[in-house]
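A look at the structure
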Amino acid sequence: MKKRFGKTDILVLAIVFAVLSGIWIFTSFIIKEEGADVVITIDGEFYKQVSLREDQEIKISGDETAANILKIQDGKADMVEADCPDKLCVHQKSISKNGETIVCLPNKVVVEVKSGEDAEYDSVAR
Amino acid sequence: MGWQGKYMKRNTAYLGMFLALALICSYVESLIPFYFGIPGVKLGLTNIVVVLLLYTSGAKEALAISVLRIFLAGFLFGNPFSILYSLSGGILSFLIMYALKRTGKLKVVTVSTAGGITHNIGQLIMAAFVVENANIMYYLPVLLIAGFVTGFLIGILSQEMIFRIGDRIGR
Ligand SMILES: [Zn+2]
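Read on for a plain summary of the structure. (Residues numbered from 1 in each chain as written. Chains lettered and ligands numbered in written order. Predicted model: local features only at pLDDT ≥ 70, side-chain atom pairs only at ≥ 80, totals over all residues. Heavy atoms only, no water.)

1. Quick word on helix H5 (residues 108-130) of chain B
All names here are of chain B. Quick reminder of the rule: We count a stretch as a helix when DSSP gives it H or I for four or more residues in a row; a strand needs E for two or more, and each element gets its number in order from the N terminus. By this rule, a helix spans an expected 1.5 Å times one less than how many residues it contains. Accessible area is worked out with a 1.4 Å probe on protein chains only. A residue is then buried under 20% of its type maximum, exposed over 50%, and partly exposed in between.
Taking 1.5 Å per residue, 23 residues should reach 33 Å; H5 reaches 33 Å between its end C-alpha atoms and fits that length. For H5, the buried fraction is high: 19 of the 23 residues fall into the buried class. Looking one or two places after H5, you find Glu132, whose phi comes out positive at around 50°.

Spelled out as structure tokens, the structure:
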């Protein structure tokens, strides 16, 4: 009978699994706070910052050719329309917690939730 | 045709079969609506082919098929970004698996698990460069766990295949 697991394997796998679960639990407690604003960047550059408190629709467009439409409702931001070929950003769930993002790679758009303070600091820094 | 020629022919046929298998895995992966928050980031099912080749044929074959698969799958069911992600994930996980296998201390399952985890680390690092936003590291914890699970399952599956038909494939 050939061995499938050695002692080293079980030890290594158990340690790695414990560490990964630890990281997961730790970060999900820390990060999961409701955010205040969303910051939109195009191609790494600051584009716009809007509050999650006001319901609105924002057209995100770096140039005339590419556009995404972000809808803010009930404190959540959701990509409702996009002219990108894959539409993966539209399929993504709405976001509302600090650090959550919606990414549209073809249009290089990143929408990220921030707490009010970080966001102001960031927009000045950019 | 001498022994050498026969061996080459047989080997090429096997590698072609593995490439086809890898492409099928890519296709299945592209259909799975499993979404990690970053477009183009994949589960890493194709690692099964890399693990099998690493243990039955050799490192060169595993790397060659992996890179070939990434470009073909990228053209067929992906986009330039998915090629970039898969390349960084595929090459990083290959290097780690190769190094761990060479230590001779770990079984296929552990090597494959390490491959699954590093595959996702590689993809995410590349994604952070592409969107020029390090904040997408937010998804790292989930991706690490997902990589562990996929890598582990692929490892168990590969181990069984290597035990049962390992001597009949590759060399
Ligand atoms: Zn999009």
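Resuming the write-up.
2. Focus: the interface of chain A and chain B
To keep it simple, the criterion reads: Note on contacts: a residue pair is in contact if any heavy atoms of the two residues lie within 4.5 Å. Reported buried area values correspond to the accessible surface (1.4 Å probe) lost by two parts on association, with both partners' losses combined. The salt bridge criterion pairs a side-chain nitrogen of Lys or Arg with a carboxyl oxygen of Asp or Glu, the two atoms within 4 Å.
Between chain A and chain B, the residue contacts involve 35 residues of the former and 33 residues of the latter. When the buried area of chain A at its contact with chain B is split by residue, A:Arg4, A:Leu20 and A:Leu105 rank highest and sum to 22% of it. At the boundary of chain A and chain B, one finds zero salt bridges. At the level of elements, helix H1 (7-31), strand S6 (101-104) and strand S7 (109-114) of chain A are the ones that each hand at least two residues to the side of chain A that touches chain B. In terms of residues, the side of chain A that touches chain B owes the most to one element, H1(A), which gives 12 residues.

3. Considerations on the environment of B:Leu144
Mapped onto the secondary structure, B:Leu144 falls in helix H6 (residues 140-165). Taking the C-alpha atoms as reference, B:Leu144 lies 11 Å from B:Gly115; in sequence the two are 29 residues apart. In this view, B:Leu144 contacts A:Leu20, B:Ile117 and B:Ile121; residues no more than four positions away in its chain are not counted.

In short, geometric facts, not functional conclusions.
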